[in-house]
Amino acid sequence: MRVSVALAVALYGASVSAAPLRVGSKADTESVILGELCTRLLRASGVEAEYRRDLNGGTQVVWRALQRGDIDLYPEYTGTLARDLLHDPSLVTVAALRARLAPMGLGLSEPLGFANNYALGMSRDRAQALDTHRISDLVGHPELRLGFSHEFLDRPDGFPSLRARYGLPQTSVTGLDHDIEYRSLAEGSTDVVDLYTTDPEIEYHHLAVLDDDRRHFPTYESVVLYRANVSPAARDAFARLVGRITQAEMTRMNGRARVYKDHEGLIAARFLRERLHVSAGDGLRGGRLHPVWTRTVE
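Scope of this entry: the structure provided in the associated data block. Here the structure is a predicted model, which means the values were calculated and not measured. Counting from 1, residues in each chain are numbered in the order their sequence is written. pLDDT decides what is reported in this predicted model: residues at 70 or higher carry local features, side-chain atom pairs at 80 or more are listed and counted, and totals for whole chains, interfaces and linings draw on all residues regardless. The side-chain values count all of the structure's non-hydrogen atoms but skip hydrogen atoms and water molecules.

### Re the packing of aromatic side chains
For step 1, the next point in the chain: Each aromatic pair joins two rings of Phe, Tyr and Trp (for Trp, the six-membered one) with centres within 6.5 Å, and gets the label stacked for planes under 30 degrees apart, edge-to-face for over 60, and tilted for any other angle. Evaluated as defined, the whole model comprises 8 aromatic pairs.
For step 2, the next point in the chain: Each ring, one from Phe-148 and one from Phe-152, has its centre 5.0 Å from the other, and the planes form 70 degrees; the classification is edge-to-face.
For step 3, the next point in the chain: The exposure class of Phe-148 is buried, given its relative accessible area of 0%.
For step 4, the next point in the chain: Think of it in three bands: residues with accessible area under 20% of the maximum for their type are buried, residues over 50% are exposed, and the middle band is partly exposed, with areas taken using a 1.4 Å probe on protein chains only. In this structure Phe-152 comes out as buried when scored by relative accessible area, which is 0%.
For step 5, the next point in the chain: Ring geometry for Phe-152 against Phe-217: centres 6.2 Å apart, planes inclined by 50 degrees, an arrangement best described as tilted. Here Phe-152, found in helix H7 (residues 150–154), pairs with Phe-217, found in the loop between strand S9 (207–210) and strand S10 (222–227); they are 65 residues apart in sequence, far enough to count as distant.
For step 6, the next point in the chain: Taken together, the aromatic side chains of Tyr-118, Phe-148, Phe-152, Phe-159, Tyr-196, Phe-217 and Tyr-220 make up a single cluster linked through ring pairs.
For step 7, the next point in the chain: One cation-aromatic arrangement involves Arg-256 over Tyr-260; the distance from NZ or CZ to the ring centre is 4.4 Å. Note on conventions: DSSP H or I runs of at least 4 residues are helices, E runs of at least 2 residues are strands, and numbering of each starts at the N terminus. Look at NZ for Lys and CZ for Arg. If either is within 6 Å of the ring centre and within 35 degrees of the ring normal, a charge sits over the ring.

Shown next as structure tokens:
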């Protein structure tokens, strides 16, 4: 018995001697799914990884966690990096972003295949009734009530610069959780909300996406942001996502989570199996063994 316990302890110690890679994500559904994809690809490639999903506090919290070394990688967007984190709108290519990040000890993958851009939306019936199809058309309707996510209200590339760019006259502007924005449109308590272009609710709620006719919003291509000391094997693992996720596929995965309430891990496992032919667990446990060894030692 003593030998068995000693063996269990030795095996447990060996399993944790090399610290696992820590994958982080923001709290929104899409980021959680992308984090699941990265984590499961790492594990399927033999790289020890743990997932610290939906870190509360938005972009800045996850960004600081990466810089401090609390996490090793997380999914991000090129437009957010340039405008919100590096404060340089001239960084419009992955190469330019990568060159700026390198002295900070950070690396950047190539785009994963889709962009999730900001947009403004209205109900189709309301937009048609007001003949409003472009963001600039909002200038002629100062009575419209705007309901925007809290992060969009605060971001440099969000409402402050959008209002200045278009000269928007609306004074009724409410901060809402992103998920509540769609309900507020359906209930008629707001007229215009901010959208992400991979939101499944756009079709589900029959919304009109207003044309950004003055090209205010940058392109938000999905990428993986990581610490430069991440191993080549780990980079090769999550690089398998590069160019493999279309906008339609990402929208569909978001829909499975938000509309049909599927677990994000199950969605990620299904995508990896069907799209990349990678077996990545049952979608819920993800092959984690540390709790088992912990109980054995106890």
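### Topic: the nonpolar core
For step 1, the next point in the chain: By size, the foremost hydrophobic cluster in this structure holds 54 residues, and its most contacted members are Leu-37, Leu-42, Leu-241 and Ile-245.
For step 2, the next point in the chain: For this core, the leading source of residues is helix H2 (residues 29–44), giving 7 residues.
For step 3, the next point in the chain: Here Leu-241 is in contact with Leu-37, Cys-38, Leu-41, Leu-112, Phe-271, Leu-272 and Leu-276, once residues within four sequence places are set aside.
For step 4, the next point in the chain: By nonpolar core is meant a set of buried Ala, Val, Leu, Ile, Met, Phe, Trp, Tyr and Cys residues that side-chain atoms within 4.5 Å join together. Membership of the second largest hydrophobic core comes to 18 residues, among which are Ile-71, Ala-82, Val-94 and Leu-97. Residue contacts follow a heavy-atom distance rule, with two residues in contact if any of their heavy atoms lie within 4.5 Å.

### Some details on the pattern of salt bridges
For step 1, the next point in the chain: A pair is scored as a salt bridge if a Lys or Arg side-chain nitrogen falls within 4 Å of a carboxyl oxygen belonging to Asp or Glu. The final tally for this structure, using the stated rule, is 22 salt bridges.
For step 2, the next point in the chain: Between Lys-26 and Glu-76 there is a salt bridge, with its nearest N and O atoms 2.8 Å apart. Residue Lys-26 is found in the loop between strand S1 (21–24) and H2, and its partner Glu-76 is found in strand S3 (residues 73–77); the two are separated by 50 residues along the sequence. Of the two residues, Lys-26 and Glu-76, both sit in the buried class.
For step 3, the next point in the chain: Taking the shortest distance from any N to any O, the salt bridge between Asp-199 and Arg-258 comes out at 2.8 Å. On the criterion of sequence distance, the pair formed by Asp-199 in the loop between strand S8 (192–196) and helix H10 (201–204) and Arg-258 in helix H12 (residues 247–258) is long-range, its members being 59 residues apart.

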